[in-house]
Amino acid sequence: MTATSPRLRAVLGALPAYVPGRSVMRPDGSPAYKLSSNENPYPPLPAVQKVLTDALSGVNRYPDLAATGLVTALAAAHQVEPTQIATGTGSVGVLQQIVQATCDADDEVVYAWRSFEAYPIVTAIAGARSVQVPLLPDERHDLPAMAAAVTDRTRLVLLCTPNNPTGRAIRQGELDELLDAVPGDVLVVLDEAYVEFVRDPKGADGIATFRARENVAVLRTFSKAYGLAGLRVGYAVAPEPVATALRATAVPFGVNILAQVAALASLEARDELLTRVDDLVAEREQVTRALRQQGWGLPDSEANFVWLRLGERTAEFAAACEAAGVVVRAYGTDGCRVTIGEPAANDAFLTVAAEFLGVAR
Ligand SMILES: *Cc1c(COP(=O)(O)O)cnc(C)c1O
């Protein structure tokens, strides 16, 4: 008998790894500023922490399978039917369900590149094929090229707006043109993980577009603006047959008790949380202005991060930041994405950025 090991799917060997933003320590042992995962720098509101504490004594029970309270509140907030909402373990969990619900082996998923690193992973795991359409030189989605990339094998078009990691948002006019060109049996998903940070008045309105079309779904998350990344809860607003399919492909009880109560309490505290988002947007504008004054070229961001296309100097810049106690996210030889954090973190980042160019802050 020859020694062997369990046979695994070949596709796994070729999967790109999901790279989490790193948390590192400074040489003196204090934690570095983590500007590498687009997290919210602020902890949950006291009211949210209270419902979490109260729910702890009930975790011997399974959660509500249908997350009824949360789904009802989301439906009311978006003025859609509860049957058009599907929750999941983060919006990445919901995205995985979407791919499973739409793609058989060798079906095609069209998305921009560079974009969110989960897209190639969830596509490959489903056995589907990635069709990556390069971003435009100004870091926006090339929507006409994406529409042209749709074939009769395409089941899904993923649009990331604002785009992670470049920060550019899709505008309503160009979105409508893409939707007019894409066949109605292809699901178009708008990944709006950062939508609360968009200030472009021409930015696409995903929910209104969902209402106007039969083949559009919108992905939202509690991980970014709502600051619940550690609890893993997101959702889709989708046409009813799609939402039903997402419930069918969900891991049972995936959205746990703590995630359900915290998401609901955060929705109820939406106005207070959006004030924090306003503060982060103001910081983003200030960081963008300061970088430009230093001599950096960077696109306008509509999200909670900025994008520096550093090319061959990407790793060198990331290392310089880390040496100064600031962790950013480096992407090969493309560039670095830097999350907008609390003012002290942003200041520390701006200091390294100036030093890197050899200019004064
Ligand atoms: C952070 C992010 C998400 C959210 O992921 P969760 O699983 O909800 O934490 C989704 N899409 C994009 C593009 C993101 O950057």
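Identification of the chain as Aromatic amino acid aminotransferase from Motilibacter rhizosphaerae is taken from an unreviewed UniProt entry. According to UniProt, the comment filed for the chain under the heading Function (unreviewed entry) is "Aminotransferase that catalyzes the conversion of aromatic amino acids and 2-oxoglutarate into corresponding aromatic oxo acids and L-glutamate." In the Subunit (unreviewed entry) part of its UniProt record, the chain is described as follows: "Homodimer."

S.K.: Explanation requested: the overall build of the chain in the structure shown.
M.R.: Counting its secondary structure elements, the chain contains 13 helices and 12 strands. Principal-axis analysis of the C-alpha atoms places the extent of the chain at approximately 65 × 55 × 50 Å. Within the chain, buried positions represent 51% of all 361 residues. Pairs at least 24 residues apart make up 72% of the contacts formed inside the chain by residues separated by at least 6 positions. For the chain, the accessible area works out to roughly 16400 Å², and carbon and sulfur atoms hold 54% of it. Distance between charge centres in the chain, computed from 32 positive and 42 negative side chains, equals 3 Å.

S.K.: Could you clarify how one ought to interpret the UniProt feature "domain: Aminotransferase class I/classII large" (unreviewed entry) in the chain in this entry?
M.R.: Within this numbering scheme, the UniProt entry marks residues 34-345 as carrying the feature "domain: Aminotransferase class I/classII large" (unreviewed entry). Helix makes up 40% of residues 34-345 and strand makes up 17%, while its end C-alpha atoms are separated by 8 Å.

S.K.: Hey, could you run me through the UniProt feature "modified residue: N6-(pyridoxal phosphate)lysine" (unreviewed entry) in the chain in this one?
M.R.: The UniProt entry lists Lys-224 under the feature "modified residue: N6-(pyridoxal phosphate)lysine" (unreviewed entry), expressed in the numbering used here. Following the sequence through the fold, Lys-224 ends up in the loop between β7 (216-221) and β8 (234-237). Note on Lys-224: relative accessible area 14%, which makes it buried. With residues up to four places along the chain from it excluded, the contact list for Lys-224 reads Ser-37, Asn-38, Asn-40, Ala-193, Tyr-194 and Phe-197. In this structure the side chain of Lys-224 is engaged in a polar contact, spanning 3.1 Å, whose partner is the side chain of Tyr-194.

So, how was this worked out
Residues numbered from 1 in each chain as written. Predicted model: local features only at pLDDT ≥ 70, side-chain atom pairs only at ≥ 80, totals over all residues. Heavy atoms only, no water. UniProt positions renumbered as here; feature names shortened; annotations may be inferred. Helix = DSSP H or I, 4+ residues; strand = E, 2+ residues; numbered from the N terminus. Buried < 20%, exposed > 50% of the residue type's maximum accessible area, 1.4 Å probe, protein only. Contact = heavy atoms within 4.5 Å. Areas by Shrake-Rupley, 256 points an atom, 1.4 Å probe, with all protein chains shown as cover. Lys, Arg positive; Asp, Glu negative; His and termini not counted. Charge placed at Lys NZ, Arg CZ, Asp CG, Glu CD. Polar contact = N/O pair within 3.5 Å; in protein donor to acceptor, adjacent residues only side chain to side chain.

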